[in-house]
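Fold and contact review
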Amino acid sequence: MLLPWEQCEPKLTSFCEQAGIPAAVSEFTVRLRERLTVIAETVDAGYPDNKDLTIDAVTGVPSLTVRRAGERTASAEKLEEALRERLPARSVLEHLARAAHWTNWWKRPGPRSGSEPKLKDPLPRYVTTAFVYGFGLGPAQAVRHMRGSVSAHELGAIAKRHFTTPVLNRCAADVVNAHTGLDLTAAWGDGSVAAVDGTMMDTVIDNLLAETSIRYAGYGGIAHHLVSDTYVALFSRFIPCGAWEAVYLIDSLLANESEAKPDTVHADTQGQSFPVFGLAHLLGIDLLPRIRNFQDLTFHRPAPTVRYRHIDALFSADPRTCIDWQLIENGWKDLMQVGLSVREGTVSSVTLLRRLNNHSRKNQIYKVFREVGRAVRTVVLLRYLSDPQLREQITRATNKAEAYNGYTKWLHFGGDGYLRSRDPELQEKAVKFLDLMANSIIFSTTVDMTDALRQMAAQGWKLNPDDIAALSPHRKDNVLRFGDYDTTTLHIPPGTYDAAFAPHQP
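What you are looking at is a predicted structure, and each value in this text was computed from that prediction instead of being measured.

What counts, and where the lines are drawn
- Residues numbered from 1 in each chain as written.
- Predicted model: local features only at pLDDT ≥ 70, side-chain atom pairs only at ≥ 80, totals over all residues.
- Heavy atoms only, no water.
- pLDDT = per-residue confidence, 0-100.
- Helix = DSSP H or I, 4+ residues; strand = E, 2+ residues; numbered from the N terminus.
- Contact = heavy atoms within 4.5 Å.
- Axes fitted to C-alpha atoms, helices over the stretch in contact; angles between N-to-C directions.
- Parallel < 35°, antiparallel > 145°, perpendicular 65-115°, else oblique.
- Left-handed = near helix turned anticlockwise from the far one by under 90°.
- Nonpolar A, V, L, I, M, F, W, Y, C, P; charged D, E, K, R; others polar.
- Buried < 20%, exposed > 50% of the residue type's maximum accessible area, 1.4 Å probe, protein only.
- Core = buried A, V, L, I, M, F, W, Y, C linked by side-chain atoms within 4.5 Å.
- Pairing = 2+ DSSP bridges.

**Regarding the confidence of the model for the protein chain**
Within the protein chain, residue pLDDT values average 87, and 93% of them lie at 70 or more. By mean pLDDT, helix H18 (residues 496–500) is the weakest element of the protein chain at 56, and helix H8 (residues 165–180) is the strongest at 95. Confidence over residues 486–494 falls short of pLDDT 50; this stretch has 14 contacts with residues more than four positions distant or in other chains.

This is the structure in C-alpha cells:
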C-alpha cells in the first residue's frame, strides 16, 4: 500500500516544503534536535519567572496553578442581552432553506449516474430530506406532520439514491466556505485552528458498529467531529466506542474538503500518541492536545549527558529514554515514504495508526515513529507547561468542540436521540446529515447576528471587538425545533412549510 520509493523521490521536495520540514535526512534530524534543545533551555531559563509551574523538589512531579476563566464584562453581557432581543426566531426548516439558497449546497445531490435530478422543486425536497434525517425522526413520522407536502417514500428514495457520503461531505464544505467568508466569523477565528472531539450517540442494539462503552456508560458509537475555531464542523464520521480516537485525527484533516485548512489542531487526552505526534509532524500539523495526565508522562532528553538547572527533575534519568537520533536518521526514508503515501491517499492514516501501536514494538517503522513522537511530544509538553496563553487557546478550542457536540445533541431530538439504523453506511450518513443541518443553522444564525449588529451600530451602539468575539452562534433561543411549533401534536402550522422556502435575499 505504500508508494514505491521511486515514485516518492520526485515528490519529496514539494512534500517537505508544504510540511515545513527539511528534505535532507541529516538536516531533518538536526532541526528536530535543535527544536527540542532550544525549547528545553528556554523553559529552564524561564522557570524562576513561571508563576504557574511548580516542580516538587523530592518527587519531581510538576503541577500547574489552576487559572480561573475571566468573567464576562458588563458590556459583553449587555451586548448579549440586546442581541438576544433582536434575533428573529426561525424554524430549523427555515434556517436550512436560507443556508441552501445562499450556499447552493442543494445543487450537489443527484442521481449516482450524474444526470440531472428529475424532481419537482429539488431545493425544498433536498432541504426537507436533510431536515428529516438530520433531526432523527425519520421520514414516516415526519411526513405525518407535513400534511400534503412530500411523501415518506420520496424522502427515503432521495436520501438513499441522491445523498451519498461524498456528496454530504461536499455539501457541508459549501456551508463551511460560506460561513468562513462572513464578516462576523473573522471575530472568532480564521479557520487555521481546529479541535477534534467525539461524543456518544445512542443506537439500537445488535448492529455491526455500535458497542457498550465504559467511558460513556452507554451503548452506541462515537460521532467524531473536527470543529473549526469558527464554530462549524469541518468533517465528521461515526466510529466505534472502543476505537482510540487519535487514529482518526489525521484522516479527518485530510478528508476535509472545505477551504478552511487548519494547521493547528487541539484535542483531549484521547487525541494523542507517539505515532500520531510523529505523523502530524511529517504532515506539517501542529498537534497541541490537552493532556490530562501530563504529570505521569516521560520527558525525553535530547542526549544522555544533558542536564538542566531548574527543570531537570521533569526528565527521566534512564538513558534508554533519551531520543535515539541515529534511529530516526536511519529510518528517515521510511518516514518520508509513509508520509507521502498518506498524503497521496495510497494508504489510510487510520489503517496505518491502528497498526502502529504499543503492540508493534518489533516493527521498525513503529520504532522510528515512536522516536519522532517522543521528541515532538516532549516539545509540546514543555510549551504547554511554560505558556499560559497556549493553555488558554487549547481550552478555548476544545470548549468550542464540546459546545458543538452539545448543540448537535440538542438538534438530534427525533426518536429520543437514537440512531435507528443498523447499517454502518446509514449511521455514517445520519451523522453527516446532522452536521449539515447544524452547520446550516449556525451559518444562518451568524447572518442574523451580523444584521442585528449592523443595526445596533447604526443606532449608535459602540461595539467592542472583544465583546463581539465572546458571542457564540450556538444559539438555541432563535431556533424553533420541530416540537417547538406545537408541543402537543408536533404539527407544523399551515403555511410554515411554504414560508420556509420563500425567496431569501442574501
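The structure having been displayed, the exposition proceeds.
**Topic: the packing of helix H2 (residues 25–46) against helix H14 (residues 364–386)**
Between H2 and H14, the least distance of the axes is 10 Å, while the angle of their chain directions is 25°. Taken as axis vectors, H2 and H14 run roughly parallel relative to one another. Judged by the sense of rotation from one axis to the other, the crossing of H2 with H14 is left-handed. On H14, the residues that touch Leu32, Arg35, Leu36, Ile39, Ala40 and Val43 of H2 are Val372, Ala375, Val376, Thr378, Val379, Leu382, Arg383 and Ser386. When grouped by side-chain class, the residues that make up the contact of H2 with H14 number ten nonpolar, two polar and two charged.

**A closer look at helix H7 (residues 152–161)**
When H7 is considered as a whole, its buried residues turn out to be Leu155, Ala157, Ile158 and Ala159. Contacts from the buried residues of H7 go to helix H5 (122–135), helix H6 (139–143) and helix H16 (424–458).

**What to know about the nonpolar core**
Among the nonpolar cores identified, the biggest contains 138 residues, and Trp105, Phe131, Ile311, Leu335, Met336, Leu382 and Met437 are the most heavily contacted of them. Among the elements that take part in this core, H14 stands out by supplying twelve residues, more than any other. Those residues in contact with leucine 382 that sit more than four places away from it in its chain are Ile39, Ala40, Val43, Phe299, Ile311, Leu314 and Phe315. Leu184, Ala452, Leu453 and Ile468 belong to the second largest nonpolar core, which has 13 residues in total.

**Considerations on the pairing of strand E4 (residues 193–202)**
Summarising burial for E4: nine of the ten residues are buried, a large majority. Sheet analysis places E4 next to strand E8 (residues 264–266), joined by three bridges and oriented parallel. Counted as the bridge partner of valine 193 is threonine 264 from E8. Where E4 and strand E6 (residues 218–228) come together, nine bridges link them in antiparallel fashion. Residue pairing in the sheet places alanine 194 in a bridge with serine 228 of E6.

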